[in-house]
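# What the coordinates show
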Amino acid sequence: MMKINQLEGVRLSGQLSLPGDEKIALCQLFLAALAQGTSYIKQAPSTPNIEQAVVSLRTMGVPVEWTESGLEVIGRPYGELNPVDNQLAFALDSPLLPFFLGILSFQNFQTKLEFAKESIADISKLEQKALQKRGAEIEKQLKKMSCKIKEKKEAIYLGGNHKMKAIACKEEHYRPDFKTTMLLAGLYAKGKMTVLETWKSPDHLERALLWFGVPLESFGKFQNKIVLQNEEKLLKGKSVVIPADFSQAAPFLLLAAMLPGNEICLQQVNINPSRAGFLQILQRMGADIQIKNAGWNGYEPVADLLVSSSKLHGVEVAAEELLSCVAEIPLLLVAAALAQGETTLR
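The structure contained in this document is the topic of the report that follows. Since this is a predicted model, take the numbers as computed values, not measurements.

## Digging into the overall build of the chain
Along the chain, the regular secondary structure elements total eleven helices and 19 strands. Relative to the compact-globule value of 20 Å for 346 residues, the chain shows a C-alpha radius of gyration of 21 Å, a close match. With the principal axes as the frame, the chain shows a C-alpha extent of 65 × 45 × 40 Å. Of the contacts made within the chain by residues no fewer than 6 positions apart, 73% connect residues no fewer than 24 positions apart. Accessible area for the chain stands at about 16,000 Å²; split by element, carbon and sulfur atoms hold 53% of it.

Next up, the structure:
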């Protein structure tokens, strides 16, 4: 809900509450579906991806309902998901696909994941080739874990072997989808699952796994090693409040900072360091952004961001910093264009 008062032309003041972060909500939703007991995911955004995930999980026997405060999920622990009568259909580049590949890999039934034909037509040949290459690497690693998986034209068939074995695997490029699938596939695998990231991606899933009681360790600031060993094979239902999406907060941070006479408070925004690098860069550029009422929602750091008009100056931004603000690079370029002095992106 937006509450902004427009004063003297473009001067803005007031408070702004933004929708919950979809990426965090998806991590919480899929783990809640596998957990023992009931989970409450408050302030989950009702986006098309969330809605599709809810419908698909229901077809697998997971009771998921929308309430006034968000989602209520009654988990179906290890071995209790129902086989899907028909295929599950997704866009070729759907953010849901890595989650379903992960949780369906260790089921004792086979599932068909079909790619919507219209989504293939909408993607360039170059993008299709890149997605197919990424999919082939995930398929290769899942096979090493003894997952039964095969790809046919416009579809993937997987599952049918619940006795998975843990492996050590390495992601060579910046591909968060690889980590998502491998960590979820390793949830019930025998042994110690290790995922190596050449470049660290946002760690929302790692934080959610810890929140649901899964033993996990993570090492490294830019290059990352994640070790998971879930010997008890049990996730425990939780209640969590989804923080505001930093990507939706970022344009307001820049707008309020660069126009004179502004002061606006963005309420309970996710400030996860692996995701909110744009915040730190803006502060280094001289943006007057104060962090208020800091706290935690399900191991995710949150805070109110009070931003006032500022004079921005150029800075040097290292390549490693850009990893935590990939979605905000266009805004960073705008900030650099408006700032006094030179800004260098390494």
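The discussion continues.
## Describing the pairing of strand 11 (residues 193-197)
The buried count for strand 11 comes to four of five residues, which makes it a mostly enclosed element. Sheet topology note: the strand 10 (residues 168-171)/strand 11 ladder contains four bridges and is parallel. Among the inter-strand pairings, Glu171 is bridged to a residue of strand 11, identified as Glu197. Two elements, strand 11 and strand 13 (residues 224-228), share five bridges in a ladder whose sense is antiparallel. Within the sheet, the bridge partner assigned to Leu196 lies in strand 13 and is Lys225.

## Comments concerning helix 6 (residues 176-185)
Burial analysis of helix 6 places nine of its ten residues in the buried class, the great majority of the element. Among the residues of helix 6, those classed as buried are Asp177, Phe178, Lys179, Thr180, Thr181, Met182, Leu183, Leu184 and Ala185.

## Let's talk about the sheet that holds strand 9 (residues 155-159)
Reading across the sheet, the four strands line up as 6-7-9-8 and stay open at both edges, with mixed pairing between neighbours. The sheet is open, and its two edges are formed by strand 6 (88-90) and strand 8 (149-152), each paired on a single side. The average angle at which neighbouring strand axes cross in this sheet is 20 degrees, direction not considered. Across three bridges, the pairing between strand 6 and strand 7 (residues 110-115) is parallel. Its bridge partner lying in strand 7, Ala89 is registered against Glu114.

## Considerations on the sheet that holds strand 12 (residues 216-219)
The four strands are arranged 10-11-13-12 in an open sheet whose pairing can be described as mixed. Strands at the two margins of the open sheet, each flanked by one partner only, are strand 10 and strand 12. Put simply, the sheet's adjacent strands are angled 15 degrees from each other on average, direction ignored. Seen against the sheet, helix 6 touches strand 10, strand 11 and strand 13 and runs at an angle of roughly 175 degrees to strand 11.

## Regarding the side chain of Asn270
Note that Asn270 resides in strand 15 (residues 263-270). There is a polar contact of 2.9 Å between the side chain of Asn270 and the side chain of Glu300. Among the polar contacts listed, one links the side chain of Asn270 to the backbone oxygen of Pro301, at a separation of 3.3 Å. With sequence-adjacent residues up to four places away left out, Asn270 is seen in contact with Ile24, His204, Pro243, Ala244, Phe246, Arg275, Ala276, Glu300, Pro301 and Val302.

## What to know about the pattern of salt bridges
Counted by the stated rule, this structure contains ten salt bridges. Glu114 is the partner of Lys112 in a salt bridge, and the nearest nitrogen-oxygen pair spans 4.0 Å. Note on Lys112: relative accessible area 27%, which makes it partly exposed. When salt bridges with common partners are traced through the structure, they connect Lys179, Glu197 and Glu206 into a single cluster.

## Observations regarding unusual backbone geometry
The backbone of Ser146 sits at a positive phi, close to 75 degrees, despite the residue not being glycine. With respect to the helices, strands and loops of the structure, Ser146 is situated in the loop between helix 5 (125-144) and strand 8. Classification of Ser146 as partly exposed rests on a relative accessible area of 27%. In the Ramachandran plot, Asn293 falls in the positive-phi region, its phi being about 50 degrees despite a non-glycine side chain. Inspection of the secondary structure assignment puts Asn293 in strand 16 (residues 288-297).

What counts, and at which threshold
Residues numbered from 1 in each chain as written. Predicted model: local features only at pLDDT ≥ 70, side-chain atom pairs only at ≥ 80, totals over all residues. Heavy atoms only, no water. Helix = DSSP H or I, 4+ residues; strand = E, 2+ residues; numbered from the N terminus. Rg over C-alpha atoms; globule rule 2.2 N^0.38 Å. Contact = heavy atoms within 4.5 Å. Areas by Shrake-Rupley, 256 points an atom, 1.4 Å probe, with all protein chains shown as cover. Buried < 20%, exposed > 50% of the residue type's maximum accessible area, 1.4 Å probe, protein only. Pairing = 2+ DSSP bridges. Axes fitted to C-alpha atoms, helices over the stretch in contact; angles between N-to-C directions. Polar contact = N/O pair within 3.5 Å; in protein donor to acceptor, adjacent residues only side chain to side chain. Salt bridge = Lys/Arg side-chain N within 4 Å of Asp/Glu carboxyl O.

By themselves these figures say nothing about function.
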